[in-house]
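Here's the letter readout for the chains.
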Amino acid sequence: MTPDRRHLSHVLGLALDRFHIDIVLTSTVVADAVSRPEAGRVDVWLARPAAATGESVREFRRLVPPRGTAEYGAEDGGGAGAGGGVGRPRPLAVVCGGEEGQVAQALALGASAVMLPDDSVFDTAAGLYAAASRDLFVSPRLLRRVSRRLSDALSGPLTVGVDVLTEREQRVLSLMSAGMSNGAIARSLCISPATVSTHVGHILRKLGAGNRTQAVIAALQQSLIAHPAHRA
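Before going into details, it helps to say that this report is about the structure given with it. (Residues numbered from 1 in each chain as written. Predicted model: local features only at pLDDT ≥ 70, side-chain atom pairs only at ≥ 80, totals over all residues. Heavy atoms only, no water.)

1. Let's talk about the nonpolar core
Core analysis: the largest hydrophobic core is formed by 19 residues, its most contacted members being V172, L173, M176, I185, I203, L207 and A215. At the level of secondary structure, the elements contributing two or more residues to this core comprise α8 (167-177), α9 (182-189), α10 (193-207) and α11 (212-221). Counting residues per element, this core draws most heavily on α10, which supplies five residues. Excluding residues that lie within four positions of it along the chain, I203 makes contacts with E169, V172, L173, M176 and A215. (Core = buried A, V, L, I, M, F, W, Y, C linked by side-chain atoms within 4.5 Å. Buried < 20%, exposed > 50% of the residue type's maximum accessible area, 1.4 Å probe, protein only. Helix = DSSP H or I, 4+ residues; strand = E, 2+ residues; numbered from the N terminus. Contact = heavy atoms within 4.5 Å.)

So, in structure tokens, the structure goes:
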């Protein structure tokens, strides 16, 4: 653990041993925690969110695997012991105050679990086990706060935002909807037919369409382009 005791003191007082969770070490500095011999026995790091910028973020990121690497990171397969944290990065659980910015920051730093300081021992244990398994856990109390937004997001139609398409792709898509061929689009935009073909390929992929007609239909359904009858 790398706790700020003001926010994590409740964890130290919880009877986590009933869930077969042992506290291996405590420290107020990440760099100190990852360099201590006991760090090799840590399965889950529990911490407060790091500051938005600065050395604390760099130290914090030593606790989690970088993107694009093997799940446990290091080639030597060893622990995060005397090597100053170089070795197998561990899953990360974060206790924060509950502000949306803090939650987003914790998840962006690679946390597998986000909990509140006054979560029950059961939720805390569930979060730690989720982090150990690299599953995502968010405090039920946090989820209740955003339940309406989650419901709207999950029940709403699956759409592709306009910002997914570049400005040029939107223009090409608009001309496609007017029935123009690649050659005609190329002449209209003063670009090569090969470039138009590239744009068309990107549009089909982004809209999940199998051909130009499907792409235009999907774009009209998602209001990415105006219906030809309603254009100015």
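This is not the end of the story, as more comes after the structure.
2. Remarks on the sheet that holds strand β2 (residues 92-95)
The strands making up a sheet associate through backbone hydrogen bonding, with each pair oriented either parallel or antiparallel. Spatial strand order, β1-β2-β3-β4: four strands in an open sheet with parallel pairing. Sheet topology places β1 (45-47) and β4 (137-138) at the edges, where each strand pairs with a single neighbour. As judged from the three bridges shared by β1 and β2, these two strands associate in the parallel manner. Bridge assignment links L46 to a residue of β2, and that residue is A93. (Pairing = 2+ DSSP bridges.)

3. A short note on the packing of α8 against α11
Where α8 contacts α11, the two axes come as close as 10 Å, and the packing angle between them is 105°. Judged by the inter-axis angle, α8 sits roughly perpendicular to α11. Touching L173, M176 and S177 of α8 are R212, A215, V216 and A219, all from α11. Grouping the constituent residues of the contact of α8 with α11 by class yields five nonpolar, one polar and one charged. (Axes fitted to C-alpha atoms, helices over the stretch in contact; angles between N-to-C directions. Parallel < 35°, antiparallel > 145°, perpendicular 65-115°, else oblique. Nonpolar A, V, L, I, M, F, W, Y, C, P; charged D, E, K, R; others polar.)

4. Let's talk about unusual backbone geometry
Peptide bonds are, in most cases, trans, and in most cases residues other than glycine have a negative phi. Unlike most non-glycine residues, H20 shows phi in positive territory, near 60°. Checked against the element boundaries, H20 lands in the loop between α1 (5-13) and α2 (30-35). Of note in the backbone geometry, R134 takes a positive phi value of approximately 60° without being a glycine. Summarising the element assignment, R134 is placed in the loop between α5 (121-132) and β4. Using a relative accessible area of 23% as the deciding quantity, one classes R134 as partly exposed.

5. What to know about the environment of A111
Mapped onto the elements, A111 comes out in the loop between α4 (100-108) and β3 (113-115). We classify A111 as buried; its relative accessible area is 8%. Taking C-alpha positions, A111 is 5.5 Å from A93, a pair spaced 18 residues apart along the chain. Ignoring any residue separated from it by four or fewer positions in sequence, one finds A111 in contact with L92, V94, A106 and L136.

6. Re α11
For α11, every residue scored as buried is listed here: A215, V216, A218 and A219. Projected down its long axis, α11 carries its buried residues within an arc of 165°, all on one side. Of the exposed residues in α11, the ones pointing more than 90 degrees away from its buried face are T213 and Q221. Where α11 is buried, its residues meet α8 and α10. Of the residues flanking the end of α11, it is S223, one or two places downstream, whose phi is positive at about 60°. (Arc of directions from axis to C-beta.)

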